[in-house]
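Here is what each chain is made of, one letter per residue.
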Amino acid sequence: MQVLGALAAAAALVAVGSGADATAAARGANTADGGHGTVQVLYCGSLQNFMEHDLGPKFSAATGYQYRGVGGGSTELAHQIKSKVRQADVFVSADPKVNNSLEGTAGGDWVSWYATFGSAPVKIAYNPHSAFADALKTKPWYQVITEPGFRLGRTDPKLDPKGELSVQALQQASRIHKEPGLVSSVEKSSQVFPEQELDGRLQSGQLDAAFYYSNEATEQHLPTVDLGAVKVAAHFTVTVLNRAANPAGATAFVHYLLGDQGRAGLTAHSVTLSAPTVSGNAAAVPAELRSDLPAKTAG
C-alpha cells in the first residue's frame, strides 16, 4: 500500500508539473499573440539617437513590447527588406520615395501606405577645430568646400537619401551661384562613408565638414552653416510593413511615435514636426491608426 501510495503521489506530481509547463507554454504563446513580444524596427540612421535612447526605451516601458531597432541608410535598408536580408515590422525612412520602391509587385508588395510626420533641412556641419572653421563662418560655403586640402564627407547617394540630397544641394548651388564646376569638383575631392561612420570621422578630425541633417548636428553639438538659397531636406516617414511578424506590435509602435509622447520626443531631438499625412493606399492603414492620421492624403 505504501508503494502504491508513493507511485500515485509521484504520478500526481508529474501531472501537476506537466500542467504547469503547458500553462507556461500557453502563457508564452498568449503573450506573443496578445500584444507583446518583439517589435523589429528598421530606421534611417539620422534618427538613431532618438530611436535608441528615447523612443525605443519609452515605448517598451509604456506598452510592454520589446523594441529592437537597426539603423542605416534608408535606401540600403529598403534593398535589404526587398531582398529579404532583413525582416522588420516597421520601416522609418528619411525620404518618402524610398517607400515607393517597396510598393506593388515590383517592390515585393512590402508597403501599401506610409505617413510623413516630420522634416529636417540639410546643412554643412563642421569640426570647430578644423583649419577651415573660420573660412566657413565668413565665406560662401560652396567656395570653401572646394579649397585645396578641404576634407568633405558625404554618404553614398545610392544607399542613403542624405547622399542624394547632398548631390541635389550641390546642383542647386551650381545653378544659383553660377558655379558650373562645383558638382564635379566636390564629387572628386569629397569622401563617401556609411551614414553610421560619418559622425565619428567628423568629430575625430578626420573630416573638416560633412553634409548633415539639422537634427543630427544639433544633437551632436556641431556648428553648422546654412545652405542659404539652397533648399533640400529630409522628410521622415513611417509604415507598418506588409507581412510583419508582429503587426499588433508594429501598429502600437506607430501609434506611440505619432502620439503625444513620440511627437514630444521628436521635438526634443530637433525634428520639425508636420501633421502626419498618408500616402499610398489609405484604406490599408490599420484601423487602430486612423485616429492618428488625418483623412487628407498625399498621392
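Residues numbered from 1 in each chain as written. Predicted model: local features only at pLDDT ≥ 70, side-chain atom pairs only at ≥ 80, totals over all residues. Heavy atoms only, no water.

Draft legend 1. Layout of the environment of Lys158. With respect to the helices and strands, the residue Lys158 is situated in the loop between strand 5 (152-154) and helix 7 (161-176). When its relative accessible area of 66% is taken as the criterion, Lys158 is described as exposed. Residues Lys158 and Thr75 lie 83 residues apart in sequence; the distance between their C-alpha atoms is 7.1 Å. With near-sequence residues (within four places) excluded, Lys158 lies in contact with Thr75 and His79. (Helix = DSSP H or I, 4+ residues; strand = E, 2+ residues; numbered from the N terminus. Buried < 20%, exposed > 50% of the residue type's maximum accessible area, 1.4 Å probe, protein only. Contact = heavy atoms within 4.5 Å.)

Draft legend 2. Spotlight on the nonpolar core. In this structure, Met51, Val90, Val92, Trp141, Phe236, Val238 and Phe253 are the most contacted members of the largest nonpolar core, which totals 61 residues. Considering every element that reaches this core, the biggest residue donor is strand 4 (residues 113-126), with seven residues. Apart from residues lying up to four places away in sequence, Phe253 is in contact with Val39, Val41, Met51, Leu55, Phe59, Tyr67 and Val90. The next biggest cluster of nonpolar side chains, apart from the first, holds 12 residues, and it includes Leu42, Ala88, Val111 and Leu241. (Core = buried A, V, L, I, M, F, W, Y, C linked by side-chain atoms within 4.5 Å.)

Draft legend 3. The arrangement of the pairing of strand 1 (residues 38-44) in detail. Counting buried residues in strand 1 gives five out of seven residues, a clear majority hidden from the surface. Examined bridge by bridge, strand 1 and strand 2 (residues 66-72) share seven bridges and lie parallel to one another. Residue pairing for strand 2: Val41 is matched across the bridge by Gly69. Crossover strand 1 to strand 2 through helix 2 (residues 48-63) is right-handed. Relative to strand 3 (residues 90-93), strand 1 is paired through three bridges, and the arrangement is parallel. The residue of strand 3 that forms the bridge with Val41 is Val90. (Pairing = 2+ DSSP bridges. Right-handed = clockwise from strand over helix to strand, strands pointing away.)

Draft legend 4. Spotlight on the environment of Val90. Here Val90 shows up in strand 3. For Val90, a relative accessible area of 0% corresponds to the buried category. Note: C-alpha distance between Val90 and Asn246 (156 residues apart in sequence) is 9.4 Å.

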